[in-house]
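Given next are the chains, with one letter for each unit.
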Amino acid sequence: MKLDRTEEHIQDLFNRIAPVYDQMNDWLSFGSHRIWKQMAVNWSGARPGHIGLDLCCGTGDLTRLLAIKVGSSGKVVGVDFSRQLLAIAGDRQPPFTLSPAPITWVEADVLDLPFPDHYFDCATMGYGLRNVVDIPRSLKELHRVLKPGGTAAILDFHRPENAFKTFQQWYLDRIVVPVANTFGLEAEYAYLNPSLEKFPTGPQQVALAEAANFSLATHYAIAGGMMGVLVLESGG
């Protein structure tokens, strides 16, 4: 897996934060990230017997929610380019590991997925698209590996256009970065705000998805617009 220098920088960042990744997610969202991830799984259209894909899977909590949805007759692949995050995902203990569908963990780049065309019935991505260096290319790769009629749901931060925007800015500056500093990771989490400033808005994400040949793209703002889920259909 060959990465460019920017991708290597992002990969190194996630390798560094891997040991506290789950703890930080729970603290900083007050556990709400688990609700939002379940919403993404529900929007992915996953059903029993499906072959599911979780991109930028991190430590695998969304992956396992997807595995529960596809059941014992299905299977799921979790993909990430952080070896340290994947190691944690593969080594988590019961009851976390009790999922009915088999899960395969794959170290790979979302810009060059090692899967055949039209292989997956459904897909999810949680907090990964914002960190992809080439969003249009990643969406085209996702479209390529989804079966015709397949559905994907992409959860990520979103910049609200209301009173929550001020709150989000305060939260990132006054809560996220100081908490990260207690772990010696202030620089690693300080990237959130600038990455969000550059991240396409909901309507822009829809336009990018349509350009990637998805037949239907809808962006749902959740959590007061501070989060969003992009739901995609690959067409029949």
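One can find the structure itself at the top, above this paragraph.
Remember, it's a predicted structure, so these values are computed and weren't measured experimentally. The residue numbers shown here count from 1 along each chain, following its written sequence. Local features in this predicted model are restricted to residues of pLDDT 70 or higher, and side-chain atom pairs are both shown and tallied only at a pLDDT of 80 or more, whereas totals for entire chains, interfaces and linings draw on every residue. Heavy atoms throughout the structure, all of them, feed into the side-chain values; hydrogens and water do not.

Focus on the overall build of the protein chain
Then comes step 1: A count of helices and strands for the protein chain gives 10 helices and seven strands.
Then comes step 2: Burial status across the protein chain gives 56% buried among its 236 residues.
Then comes step 3: Counting contacts in the protein chain only where the partners sit at least 6 residues apart, residues at least 24 apart contribute 75% of the total.
Then comes step 4: Entry remark: accessible area of the protein chain is about 10,800 Å², with carbon and sulfur atoms responsible for 56%. Helix and strand labels come from DSSP, where a helix needs a run of H or I of at least four residues and a strand needs a run of E of at least two; each type is numbered from the N terminus. Think of it in three bands: residues with accessible area under 20% of the maximum for their type are buried, residues over 50% are exposed, and the middle band is partly exposed, with areas taken using a 1.4 Å probe on protein chains only. Contacts between residues were defined by any pair of non-hydrogen atoms, one from each residue, lying within 4.5 Å. Residue burial considers only the protein chains on display, and all accessible areas are found by Shrake-Rupley using a 1.4 Å probe.

Quick word on the pairing of strand S5 (residues 146-157)
Then comes step 1: For S5, the tally of buried residues reaches nine of 12 residues, placing the bulk of the element in the interior.
Then comes step 2: When DSSP locates at least two bridges between a pair of strands, those strands are taken to pair. Judged from the six bridges that link them, strand S4 (residues 120-126) and S5 form a sheet pairing that is parallel. In the sheet register, Met125 faces S5, and the bridge partner there is Ile154.
Then comes step 3: Two elements, S5 and strand S7 (residues 227-233), share seven bridges in a ladder whose sense is antiparallel. Its bridge partner lying in S7, Phe157 is registered against Met227.

Points about the pattern of salt bridges
Then comes step 1: The salt bridge criterion pairs a side-chain nitrogen of Lys or Arg with a carboxyl oxygen of Asp or Glu, the two atoms within 4 Å. All chains considered together, the criterion is met by seven salt bridges.
Then comes step 2: With a closest N to O distance of 2.9 Å, Glu107 and Arg83 form a salt bridge. Residue Glu107 is located in strand S3 (residues 103-107), and its partner Arg83 is located in helix H5 (residues 83-91); the two are separated by 24 residues in the primary sequence.
Then comes step 3: Salt bridges sharing common partners tie together Asp117, Glu141 and Arg144.

Quick notes on the packing of helix H3 (residues 32-43) against helix H4 (residues 61-70)
Then comes step 1: Orientation is described by lines fitted to C-alpha atoms, with helices fitted over the stretch in contact, and by angles between N-to-C directions that extend from 0 to 180 degrees. Contact geometry of H3 with H4 gives a least axis separation of 10 Å together with a crossing angle of 45 degrees. Between H3 and H4, the angle is such that the two are oblique. In this structure, H3 crosses over H4, and the sense of that crossing is right-handed. Two secondary-structure elements touch here, H3 through His33, Arg34, Lys37, Gln38, Val41 and Asn42 and H4 through Asp61, Leu62, Leu65, Leu66 and Lys69.
Then comes step 2: Of the residues contributing to the contact of H3 with H4, the split by class is four nonpolar, three polar and four charged. An angle below 35 degrees is read as roughly parallel, one above 145 as roughly antiparallel, one from 65 to 115 as roughly perpendicular, and any other as oblique. Two helices that cross are described as forming a left-handed crossing if the nearer one is turned anticlockwise from the farther one by less than a right angle, and a right-handed crossing if clockwise. For this scheme, ten residues count as nonpolar: Ala, Val, Leu, Ile, Met, Phe, Trp, Tyr, Cys and Pro. Four count as charged, namely Asp, Glu, Lys and Arg, and the remainder, Gly too, count as polar.

Some remarks on the packing of aromatic side chains
Each aromatic ring pair is summarised here by two numbers: the centre-to-centre distance and the angle between the ring planes.
Then comes step 1: Ring pairs shown here join Phe, Tyr and Trp side chains whose ring centres sit within 6.5 Å, with only the six-membered ring taken for Trp; geometry is labelled stacked below 30 degrees between planes, edge-to-face above 60, and tilted in between. Inspection of the entire model under this criterion finds four aromatic pairs.
Then comes step 2: Taking the centre distance of 5.1 Å and the plane angle of 90 degrees together, the rings of Phe115 and Phe120 count as edge-to-face.
Then comes step 3: We classify Phe115 as buried; its relative accessible area is 12%.
Then comes step 4: Through successive ring pairs, a cluster of aromatic residues spans Phe115, Tyr119 and Phe120.

Description of the sheet that holds S5
Then comes step 1: What the seven strands build is an open sheet, ordered S3-S2-S1-S4-S5-S7-S6; its pairing is mixed. Two strands close off the open sheet at either side, each with one partner strand: S3 and strand S6 (216-222). Direction aside, neighbouring strands of the sheet carry axes that sit 15 degrees apart on average.
Then comes step 2: Strands in contact with H4 are strand S1 (51-55), strand S2 (75-80), S3 and S4; relative to S2, the strand with the most contacts, it is inclined by about 165 degrees.
Then comes step 3: The strands that H5 touches are S2 and S3; relative to S3, the one it contacts most, it runs at about 165 degrees.

These values are about where atoms sit, not about what they do.
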